[in-house]
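Residue-level structural notes
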Amino acid sequence: MALAFQETPAPTPWPTPLGPPPDDLFRLYFHDGVNKTWGNISPLYQLDTFDWTILILYFAILTVLAVYGGYRIKQVVDFWRYRKFVPTPKARFSENDLPVITVQLPLFNEMYVVERLVKAITEIDYPREKLEIQVLDDSTDETVKLAEATVARYAQLGFDIHYLHRTDRTGFKAGALEIGTKVAKGELLAIFDADFVPKPDCLRKLVDFFTDPMVGCAQMRWSHINGNYNLLTRLQTIMLDGHFVVEQTTRNRTGGFFNFNGTAGIWRREAIAASGGWQHDTLTEDTDLSFRAQLMGWKFVYLLDEDAPAEVPVEINAFKAQQRRWAKGVMQVGLKLYPRIWRSRLPMRVRLEMFFRLTGNISYPLMIVASFLQFPLLLVRYNSPFYHLMVLDLPLLFFSSISVFLFYGTAIWYLDRKRAPRLLHLPLVMALGLGLAFSNARAVLEALFGIKSDFVRTPKYSVEKTEDETWKRKKYKRKRGLLPLLELSFSLYFLLAILYALRLRMWGTVPFLFLFFSGFGYMGIMSVVQSLSGGRWFSTPRATPGASAAGK
């Protein structure tokens, strides 16, 4: 009996870029995954040296970023596990036994906020005879006369307040604090930067922890008095809340090291002296001293549910300068202290956690390299089987990208009652982080190569509400330089990559390319626009619910 054979129909070829769209995308994608090739690419195609170089470099970078993403996920898990382990003082000071506290206010050209700051300090609820105030002023402009007059006015009212002015800015903020500490009366030293407006009960909330003689430092969480001012301030509050809610809480409550953030806290004078004092060989003197003190055995306390309000930068160039200083400073501290940390007898988990803390900013140079790879990667992708995206990319992208949403989303979930508005900002937060890549990558490379730079202050304008006078008529605006042009060039680069991906119907790559495009575009455009006009762009006429991080 003759057997009838039915000829197997040829697989439907994938349309060329200029061809008609597929009738059934799912069927064609599945077909491609099974046959490991598209209809217009030869099944005999072999990856060449260029392809392998791009793929290996790309997946190596993605793997490193995924490892740091996994670390962020661990922090989120630890936060929810330890969030109810609230620190409590060992004992309470009686009113007569309260220690003398010296409040130190380091300033440099802060004419718009100095009066607000000193007024807030004089309203603190603490016995006046046990409260000393030091205004440590390195200013070179009108702030000198204004600060001096403000100090004289409160001195006449009976406050123990002193004005110390330096013409030599050696050591910058660390140098000013060092000079002030030498003549301070208090055994405890409270520090508040110029952009803070501490609450009257701030010292009372912190001081009792020093009944434990081994407590060297206690600090509050930062909150934000102008978090609703414009889009930039709303995104900054989310980024800061991620650090202060998840990172600082987790490190402190799991027995790790957390760093004093330079303000909104109290130091024991003895702890500063025993740990080597304020040193100014890094741009983050606070982080440096924090880790040296904890290596000496001093305990630190972090209060998540108590906050100190502060003004965040309203202008993009000031924000970039602040982030660049933090990125460079932390890397400098890592180069300075991590060998000592690794050789210490600290538990391995603490040493590993410190490695991630001090090297985390290396992700910015890696993101720059990943950005350069995007276009050649599209070419390689087009000639590669689609299933590679599912097998390799998605797990790595989950840890490197989704971890960001979990990290910042956790902070929003903990702080806000009306969470939806700020949760919807999370994609923009991720784009903003990508947009910082060039600025922060330069800072990291400068630290690695030992390039010194001045301490660049973050200008404050006393802008708290959307109806306040805009900062465009005020001093201290930063120059934009050539960096925005580079950011705009990369934004155009990613726009072309998006168009190319759409033409090839590589839909899965478009969302990630768009994050790079929007991040670099926002940074570049806002840097140019705000430098030229000084206007308040992307501001809202009314406060967005849940946009400011008020404590629970």
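Each chain has its residues counted from 1, following the order in which its sequence is written. Note on the predicted model: pLDDT of at least 70 is required for a residue's local features to be given, and 80 or more for side-chain atom pairs to be given and counted; whole-chain, interface and lining totals, by contrast, use all residues. The side-chain values count all of the structure's non-hydrogen atoms but skip hydrogen atoms and water molecules.

Right, let's get into the overall build of the chain. Numbering of helices and strands runs from the N terminus; a helix is a DSSP stretch of H or I covering at least four residues, while a strand is a stretch of E covering at least two. When its secondary structure is counted, the chain shows 18 helices and seven strands. For the chain, the residues scored as buried account for 58% of the 552 residues in total. Residues count as neighbours in contact if any of their non-hydrogen atoms are within 4.5 Å of one another. When contacts within the chain are restricted to residue pairs at least 6 apart in sequence, those whose partners lie at least 24 apart make up 83%. Accessible surface for the chain amounts to roughly 24,700 Å². Of this, 63% is attributable to carbon and sulfur atoms. For every residue, the accessible area obtained with a 1.4 Å probe (protein chains only) is divided by the maximum for its type, and the residue is called buried under 20%, exposed over 50%, and partly exposed between those limits. Using a 1.4 Å probe, accessible areas were evaluated by the Shrake-Rupley method; residue-level cover was limited to the displayed protein chains.

The next subject is the packing of aromatic side chains. Here a pair means two rings of Phe, Tyr or Trp (six-membered ring of Trp) with centres within 6.5 Å. Their orientation is stacked below 30 degrees between planes, edge-to-face above 60, and tilted elsewhere. In the structure shown here, the tally under the stated rule is 34 aromatic pairs. Ring geometry for Phe-258 against Phe-300: centres 5.8 Å apart, planes inclined by 80°, an arrangement best described as edge-to-face. Separated by 42 residues along the polypeptide, Phe-258 in the loop between helix H7 (231–253) and strand E6 (265–268) and Phe-300 in strand E7 (residues 299–310) bring together distant segments of the chain. Given the relative accessible area of 8%, Phe-300 is considered buried. A ring has a charge above it when a Lys NZ or an Arg CZ is no more than 6 Å from the ring centre and no more than 35 degrees off the ring normal. The positively charged end of Arg-128 is found above the aromatic ring belonging to Phe-159, 3.8 Å away from the centroid.

Attention now moves to H7. An expected span of 1.5 Å times one less than the residue number is assigned to each helix. Over its 23 residues, H7 extends 33 Å from the first C-alpha to the last, a length consistent with the 33 Å expected when each residue adds 1.5 Å. Taking burial as the measure, the 23 residues of H7 include 23 buried ones, the bulk of the element. A side-chain oxygen of the first residue of H7 lies 3.2 Å from the backbone nitrogen of Leu-232; this N-cap is Asn-230. Positive phi shows up at Gly-255, right after H7, with a value of about 85°. We define a polar contact as two N or O atoms separated by no more than 3.5 Å, with the added condition that, inside protein, one atom must be a possible hydrogen donor and the other a possible acceptor, whereas residues neighbouring each other in sequence contribute only through side-chain atom pairs.

With that settled, consider the pairing of strand E3 (residues 160–165). Whether two strands pair comes down to DSSP finding at least two bridges between them. Sheet analysis places strand E2 (residues 131–137) next to E3, joined by six bridges and oriented parallel. Directly across from Gln-134, in E3, lies its bridge partner His-162.

A rise of 1.5 Å per residue sets the reference length of helix H11 (residues 348–359), with its 12 residues, at 16 Å; its end C-alpha atoms lie 16 Å apart and thus fit the reference within 8%. For H11, the full list of buried residues reads Val-350, Arg-351, Glu-353, Met-354, Phe-356, Arg-357, Leu-358 and Thr-359. Close packing links the buried residues of H11 with helix H2 (49–82), H7, helix H9 (285–295) and helix H10 (316–343).

This brings us to the side chain of Glu-247. Mapped onto the elements of the fold, Glu-247 is located in helix H7. Classification of Glu-247 by relative accessible area gives buried; the value is 15%.

Strand E5 (residues 215–224) sits mainly inside the fold: 10 of its 10 residues count as buried. As judged from the nine bridges shared by E5 and E7, these two strands associate in the parallel manner. Directly across from Met-220, in E7, lies its bridge partner Leu-303. Pairing analysis gives three bridges linking E5 to E6, with the strands arranged antiparallel. Its bridge partner lying in E6, Gln-219 is registered against Gly-265.

This brings us to the pattern of salt bridges. Where charged atoms of side chains with opposite charge meet at close range, the side chains can pair. Counted as salt bridges are all cases of a side-chain nitrogen of Lys or Arg within 4 Å of a carboxyl oxygen of Asp or Glu. Summed over all chains, the structure comprises 25 salt bridges. For the salt bridge of Asp-208 with Arg-92, the shortest nitrogen-to-oxygen distance reads 3.1 Å. Here Asp-208, found in the loop between helix H6 (202–207) and E5, pairs with Arg-92, found in the loop between H2 and strand E1 (101–107); they are 116 residues apart in sequence, far enough to count as distant. For Glu-123, the salt bridge identified is with Lys-119, shortest N-O distance 2.6 Å. By relative accessible area, Glu-123 is classed as partly exposed at 45%. Here the salt bridges share partners, and the residues they tie into one network are Asp-281, Asp-288, Arg-292 and Lys-336.

Attention shifts here to the sheet that holds E5. Spatially, E3-E2-E1-E4-E6-E5-E7 is the arrangement adopted by the seven strands of the open sheet, whose pairing is mixed. The outermost strands of the open sheet, each flanked by one partner alone, are E3 and E7. For this sheet, the mean inter-axis angle between neighbouring strands, taken without regard to orientation, is 20°. Where E1 meets strand E4 (residues 188–191), four bridges bridge the pair, whose relative direction is parallel. Looking at the pairing, Ile-101 lines up with Leu-188 of E4. In this description, a line fitted to the C-alpha atoms serves as the axis of each element, helices being fitted only across the stretch in contact, and the angle between N-to-C directions of two axes falls anywhere from 0 to 180 degrees.

A word on a nonpolar patch on the surface. Only residues above 30% relative accessible area that lack a salt bridge enter a patch, with like-charged residues linked at up to 9 Å and the nonpolar side chains Val, Leu, Ile, Met, Phe, Trp and Tyr linked at up to 5 Å. Together, Leu-492, Leu-495, Leu-496, Leu-499, Leu-502 and Trp-507 give the surface a local cluster of nonpolar side chains, amounting to about 530 Å² of exposed area. For Leu-496, the position within the fold is in helix H17 (residues 483–503).

Attention shifts here to the environment of Ile-316. Note that Ile-316 resides in helix H10. Classification of Ile-316 as buried rests on a relative accessible area of 0%. Spatially, the C-alpha atoms of Ile-316 and Met-523 are 7.4 Å apart, while their sequence positions differ by 207 residues. Not counting the four nearest positions on each side in its chain, Ile-316 is found in contact with Leu-232, Tyr-522, Met-523, Met-526, Ser-527 and Gln-530.

Attention shifts here to the packing of H2 against H11. Here H2 crosses H11 at 115°, and the two axes come no closer than 11 Å. For the crossing formed where H2 meets H11, the hand is left-handed. Contacts between H2 and H11 pair Val-67, Tyr-68, Tyr-71 and Gln-75 from the former with Glu-353, Phe-355, Phe-356, Arg-357 and Thr-359 from the latter. Think of it as three bins: nonpolar holds Ala, Val, Leu, Ile, Met, Phe, Trp, Tyr, Cys and Pro, charged holds Asp, Glu, Lys and Arg, and polar takes everything else, Gly as well. Here the residues of the contact of H2 with H11 are counted per class, giving five nonpolar, two polar and two charged. Two helices that cross are described as forming a left-handed crossing if the nearer one is turned anticlockwise from the farther one by less than a right angle, and a right-handed crossing if clockwise.

Moving on, we come to the nonpolar core. Most often, soluble globular proteins keep nonpolar side chains buried together rather than apart. Formed by 129 residues in total, the largest nonpolar core has its most connected members in Ile-101, Val-103, Leu-105, Phe-192, Leu-203, Trp-267 and Trp-278. With 10 residues, H2 is the single largest residue contributor to this core. Not counting residues within four places of it along the chain, the set of residues in contact with Ile-101 comprises Tyr-126, Lys-130, Leu-131, Glu-132, Gly-186, Leu-188, Ala-190, Leu-203, Val-207 and Ile-266. The definition of a nonpolar core used throughout is a set of buried Ala, Val, Leu, Ile, Met, Phe, Trp, Tyr and Cys residues joined through side-chain atoms within 4.5 Å.

Another point: unusual backbone geometry. Here Asn-109, not a glycine, exhibits a phi torsion of approximately 55°, which is positive. Within the fold, Asn-109 resides in the loop between E1 and helix H3 (114–122). Overall, Asn-109 belongs to the buried group, its relative accessible area being 9%. Residue Ala-264 is not a glycine yet carries a positive backbone phi of 65°. Using a relative accessible area of 1% as the deciding quantity, one classes Ala-264 as buried.

Remember that the coordinates give geometry; whether it matters functionally is a separate question.
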